[in-house]
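Close look at the chain arrangement
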Amino acid sequence: MKVPERILAGLALLLDAAAEEPLTIKLKEYMSLYERSTQDGKGHMPLHVSEYYGSIAMGSPPQEFDVVFDTGSGNIVVPTLKCADEACEDHHRFSSGASRTAVQLALEDGTLLEPGQDRDTTTITYGTGKLTGEYIRDRLCLGQGSTPQAMCL
């Protein structure tokens, strides 16, 4: 069951010490209803899951996405052109090759990827599934995508 989206009150985020004032990002809420087994395994009960998403832009020139702001992992996850999974086919995918500022990373710690070098991947598990991805560092604009009201890092 899908509940119609509704604009939530803005969420104020202080992005870093360099920010002069907090940036308010308007988020939308998407609610899903799943069924889960009861503790005794004899029945089912509803599980309500809320996801809060908003707009970002990545790269130069900017590529815009609606993303879930996942407070659990702290990562910003977008599908890339490498993703051939059915879940990715229905979404806009990030092209790091089209971005002048994209940097391929070998490791989570920011180590640059050298030609022919293996790269680290990460897997994030959610209540409804999991995803595996690579690390890329690029210009990120939060807020209203690539508009002047966005804060870019």
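Our subject is the structure listed above.
Chains are numbered independently. Their residues run from 1 in the order of the written sequence. Under the rules for a predicted model, residues below a pLDDT of 70 receive no local features and side-chain atom pairs below 80 are neither given nor counted, while totals for whole chains, interfaces and linings still include all residues. Values shown for side chains rest on all heavy atoms present in the structure; no hydrogens or waters enter the calculation.

**Some details on the overall build of the chain**
Counting from the N terminus, the helices are the DSSP runs of H or I reaching at least four residues and the strands are the DSSP runs of E reaching at least two. In terms of helices and strands, the chain carries one helix and 12 strands. Starting at the N terminus and walking to the C terminus, you meet the elements of the chain as β-β-β-β-β-β-α-β-β-β-β-β-β. Burial classes follow relative accessibility: with a 1.4 Å probe on protein chains only, a residue under 20% of its type's maximum area counts as buried, one over 50% as exposed, and anything between as partly exposed. Within the chain, the proportion of its 153 residues that are buried is 22%. Here a residue-residue contact requires only that any non-hydrogen atoms of the pair lie within 4.5 Å. A separation threshold of at least 6 residues defines the contact pool for the chain, and within that pool the share at least 24 residues apart is 43%. Residue-level accessible areas treat just the shown protein chains as cover; the underlying method is Shrake-Rupley with a 1.4 Å probe. If you sum the accessible surface of the chain, you get close to 10,600 Å²; carbon and sulfur atoms cover 52% of it.

**Brief notes about the pattern of salt bridges**
A pair is scored as a salt bridge if a Lys or Arg side-chain nitrogen falls within 4 Å of a carboxyl oxygen belonging to Asp or Glu. Going through the model one piece at a time under the given rule, you end up with two salt bridges. We note a salt bridge from Lys82 to Glu134, for which the minimum N-O separation is 3.0 Å. Taken as a pair, Lys82 in the loop between β6 (63–68) and α1 (86–89) and Glu134 in strand β9 (residues 129–134) lie far apart in primary sequence, 52 residues in all. Residue Glu134 is classed as partly exposed on the basis of its relative accessible area, which comes to 34%. With a closest N to O distance of 3.3 Å, Glu134 and Arg119 form a salt bridge. A residue pair is termed long-range when its members are at least 10 positions apart, and Glu134 in strand β9 and Arg119 in the loop between β7 (103–104) and β8 (121–126) qualify at 15 residues. The network of salt bridges with shared partners includes Lys82, Arg119 and Glu134.

**Focus on a negative patch on the surface**
Grouping into patches uses exposed residues only, defined as over 30% relative accessible area, and leaves out salt-bridged ones; the cut-off is 9 Å for like charges and 5 Å for nonpolar side chains (Val, Leu, Ile, Met, Phe, Trp, Tyr). Positive charges are assigned to Lys and Arg, negative charges to Asp and Glu, while His and the chain termini are left out of the count. Lys charges are placed at NZ, Arg charges at CZ, Asp charges at CG and Glu charges at CD. On the surface, Asp85, Glu86, Glu89 and Asp90 cluster together to form a negatively charged patch. Relative to the elements of secondary structure, Glu86 occurs in helix α1. Owing to a relative accessible area of 65%, Glu86 belongs among the exposed residues under this scheme.

**Here we look at the pairing of β6**
Across the two faces of β6 the burial differs, with Gln63, Phe65 and Val67 buried and Glu64, Asp66 and Val68 not buried at all. Two strands are said to pair when DSSP picks up at least two bridges between them. Direction of pairing for strand β5 (residues 44–58) relative to β6: antiparallel, over a ladder of six bridges. Bridge assignment links Gly54 to a residue of β6, and that residue is Val67.

**Some details on the environment of Glu134**
Distance from Glu134 to Thr123, taken between C-alpha atoms, is 9.1 Å for residues 11 residues apart in sequence. N or O atoms within 3.5 Å of each other form a polar contact, as long as, within protein, one can give a hydrogen and the other can take it, and as long as residues adjacent in sequence are counted only when both atoms are side-chain atoms. In this structure the side chain of Glu134 is engaged in a polar contact, spanning 3.0 Å, whose partner is the side chain of Lys82. A distance of 3.3 Å separates a polar atom in the side chain of Glu134 from a polar atom in the side chain of Arg119.

**Considerations on the side chain of Ser95**
By the secondary structure assignment, Ser95 is in the loop between α1 and β7. Residue class for Ser95 comes out buried when judged on its relative accessible area of 17%. Once you skip the residues sitting within four places of it in the chain, Ser95 turns out to touch Gln63 and Leu81.

**Brief notes about the packing of aromatic side chains**
Note on aromatic contacts: the rings of Phe and Tyr and the six-membered ring of Trp form a pair at centre separations within 6.5 Å, being stacked when their planes are under 30 degrees apart, edge-to-face when over 60 apart, and tilted otherwise. According to the stated counting rule, one finds one aromatic pair in the structure shown. Note on Phe65 and Phe94: the rings are 6.4 Å apart at their centroids and 55° apart in plane angle, and the pair reads as tilted. Of the two residues, Phe65 sits in strand β6 while Phe94 sits in the loop between α1 and β7, which places them 29 residues apart along the sequence.

**Topic: the nonpolar core**
In terms of nonpolar packing, the biggest core is built from 10 residues, these being Ile25, Leu27, Ile56, Met58, Phe65, Val67, Val78, Phe94, Leu140 and Leu142. Where this core is concerned, the elements lending two or more residues are β5, β6 and β11 (140–143). Buried residues of nine kinds, namely Ala, Val, Leu, Ile, Met, Phe, Trp, Tyr and Cys, make up a nonpolar core once their side-chain atoms join them within 4.5 Å.

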